[in-house]
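Residue-level listing of the chains:
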Amino acid sequence: MTEPRPRPRAVLAMAPRTARQVLDDRALARLARLTDLDGGLVLDDLTTPAAHHALATAELLITGWGCPPVDRAALDAAPRLRAVVHTAGTVRHHITAACWERGIAVSSAAAANAVPVAEYTLAMILLANKRALDIARDYRAERRRVDWNERYPDAGNYRRTVGILSASAIGRRVMALLRPHDLDILLYDPYLTADGARALGARQVPLDELFATSDVVSVHTPLLPETRGLVSRELLAALRTGGTLVNTARGALVDQRALTDEVLAGRLYAVLDVTEPDLLPAGSPLYDCDHVLLTPHIAGSKGGELRRLADLAIGEVDRYVHGRPFAHPVRPEILDRSA
């Protein structure tokens, strides 16, 4: 068994509110056993004298939502820094090119955050095919017995087709959750082979075919310059009437004006946990559209699910302390096609 090295000096870098929400007393106590950590010190600005004093001896940076960029100036103030463990998903907002140039090892809790996003997506796909929101709205308005089979003859999930846009970590988990259900799963991912798709329980198809033949399309593509607006007006027009678009990725992946036109016309449905902008203007017609379920970016870790992020991050700290490689490393060579 590998003996632990002397406890490394660790510093928290995130918004103070993030630290309170993600790292409860139990988590802080676990970190204090593994590292030399001042749990009361949380840096949300790496340029202050207090930050520079803390960074001067830091070997490990534990980051979270609200962490400022770890740029060259911050690294100059942290000559002993060797690793960053992020208690959330993407590291794009704070890990800079200077970190990679310096050889800093980086880990992310994206795998833990993928779990609730996939669970949310599964629930929304099943409810969309069941026409649960339509039927609930009608029942609330009419308050009488109705032959729902007569009114919604196509409702239900048996042998419906679900299109998954990208075999990202979340997309893969969604496909795994869909597998026990009697659904046909299509996948579009330019980085995956047909055999790779079959191994995930899906059939690889071109992007236009995915939209033309799916009852529900769920978006799991990272937002990159080449994927901005990927879900175009033409693709939305190809989605069959009554189809549903589920987006838990990024709002800018979708031509929102085109989607708004489709849902206001009553032709398509949408489940949107993300929009562009992230907070829609108060006058947006999407708030009141019966064909849209709008949620405020809640698919990711919320409430008690934040404990999962902390547990994964602490596991990574444990590995680092014992001289083992991260189980969830972030690799710079795939950042150009990952979230």
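Source: prediction; values computed, not measured. (Residues numbered from 1 in each chain as written. Predicted model: local features only at pLDDT ≥ 70, side-chain atom pairs only at ≥ 80, totals over all residues. Heavy atoms only, no water.)

Okay, unusual backbone geometry next. Excluding glycine, most residues fall at negative phi; most peptide bonds, likewise, are trans. Pro277 follows Glu276 through a cis peptide bond whose omega is 0°. With respect to the helices and strands, the residue Pro277 is situated in the loop between strand 11 (269-272) and strand 12 (292-294). The residue Arg143 is not glycine, and still its phi comes out positive at about 55°. The residue Arg143 is located in the loop between helix 7 (132-142) and helix 8 (148-151) in this model. Backbone geometry at Ser166 places phi at a positive 95°, although glycine is not the residue there. Topologically, Ser166 is positioned in the loop between strand 6 (160-165) and helix 9 (169-178). (Helix = DSSP H or I, 4+ residues; strand = E, 2+ residues; numbered from the N terminus.)

With that out of the way, let us pick up the packing of helix 6 (residues 110-130) against helix 14 (residues 306-321). It is at 8 Å that the axes of helix 6 and helix 14 come closest, and there the two elements cross at 155°. Of the possible angle classes, the one that applies to helix 6 and helix 14 is roughly antiparallel. Crossing of helix 6 against helix 14: the hand is right-handed. Of the residues in helix 14, those in contact with Ala111, Ala112, Asn113, Val115 and Pro116 of helix 6 are Arg308, Leu309 and Leu312. (Axes fitted to C-alpha atoms, helices over the stretch in contact; angles between N-to-C directions. Parallel < 35°, antiparallel > 145°, perpendicular 65-115°, else oblique. Left-handed = near helix turned anticlockwise from the far one by under 90°. Contact = heavy atoms within 4.5 Å.)

Two numbers describe how helix 6 lies on helix 9: the axes approach to 9 Å, and their chain directions differ by 50°. One element, helix 6, and the other, helix 9, form an angle in the oblique class. The two elements helix 6 and helix 9 cross, and the hand of that crossing is right-handed. Residues Ala114, Val115, Val117, Ala118, Glu119, Thr121, Leu122 and Ile125 of helix 6 form the contact with helix 9, whose own contacting residues are Ile170, Arg173, Val174, Leu177 and Leu178. Its residues placed into classes, the contact of helix 6 with helix 9 shows 10 nonpolar, one polar and two charged. (Nonpolar A, V, L, I, M, F, W, Y, C, P; charged D, E, K, R; others polar.)

This next bit is on the pattern of salt bridges. Inspection of every chain in the model, using the stated rule, returns 19 salt bridges. Residue Arg9 pairs with Asp36 through a salt bridge whose shortest N-O separation is 3.8 Å. Here the residue Arg9 occupies a position in strand 1 (residues 9-13), and Asp36 occupies one in strand 2 (residues 36-43), the gap between them amounting to 27 residues. Its salt-bridge partner being Arg137, residue Asp138 comes within 3.6 Å of it at the nearest N-O pair. With a relative accessible area of 12%, Asp138 lands in the buried category. Using a relative accessible area of 22% as the deciding quantity, one classes Arg137 as partly exposed. Among the charged side chains, a salt-bridge network with shared partners connects Arg131, Asp134, Arg137, Asp138, Glu142, Arg144 and Arg151. (Salt bridge = Lys/Arg side-chain N within 4 Å of Asp/Glu carboxyl O. Buried < 20%, exposed > 50% of the residue type's maximum accessible area, 1.4 Å probe, protein only.)

Sequence positions flagged by UniProt for "domain: D-isomer specific 2-hydroxyacid dehydrogenase NAD-binding" (unreviewed entry) are, in local numbering, residues 123-299. Across residues 123-299, the secondary structure splits into 34% helix and 16% strand, with the terminal C-alpha atoms separated by 11 Å. (UniProt positions renumbered as here; feature names shortened; annotations may be inferred.)

As a further point, take the packing of aromatic side chains. Under the defined criterion, the tally for this structure stands at one aromatic pair. Over the face of the ring belonging to Tyr269 we find Arg131, whose NZ or CZ atom lies 4.3 Å from the ring centre. We note Arg159 situated over the ring of Tyr158; from NZ or CZ to the ring centre the distance is 5.7 Å. (Phe/Tyr/Trp six-rings, centres within 6.5 Å; stacked < 30°, edge-to-face > 60°. Lys NZ or Arg CZ within 6 Å of the ring centre and 35° of its normal.)

Note on sheets: strands pair through backbone hydrogen bonds, and any given pair is parallel or antiparallel. Taking strand neighbours across the sheet as the criterion, the five strands line up as 2-1-3-4-5 in an open arrangement whose pairing is parallel. Both edges of this open sheet fall to strand 2 and strand 5 (105-108), since each of them pairs with a single strand only. Taken over all neighbouring pairs, the strand axes of this sheet differ in orientation by 20° on average, direction set aside. Here strand 3 (residues 60-63) pairs with strand 4 (residues 83-86) via four bridges, running parallel. Bridge assignment links Leu61 to a residue of strand 4, and that residue is Val84. On top of the sheet, helix 14 reaches strand 3, strand 4 and strand 5; it is set at about 160° to strand 4, its chief contact. (Pairing = 2+ DSSP bridges.)

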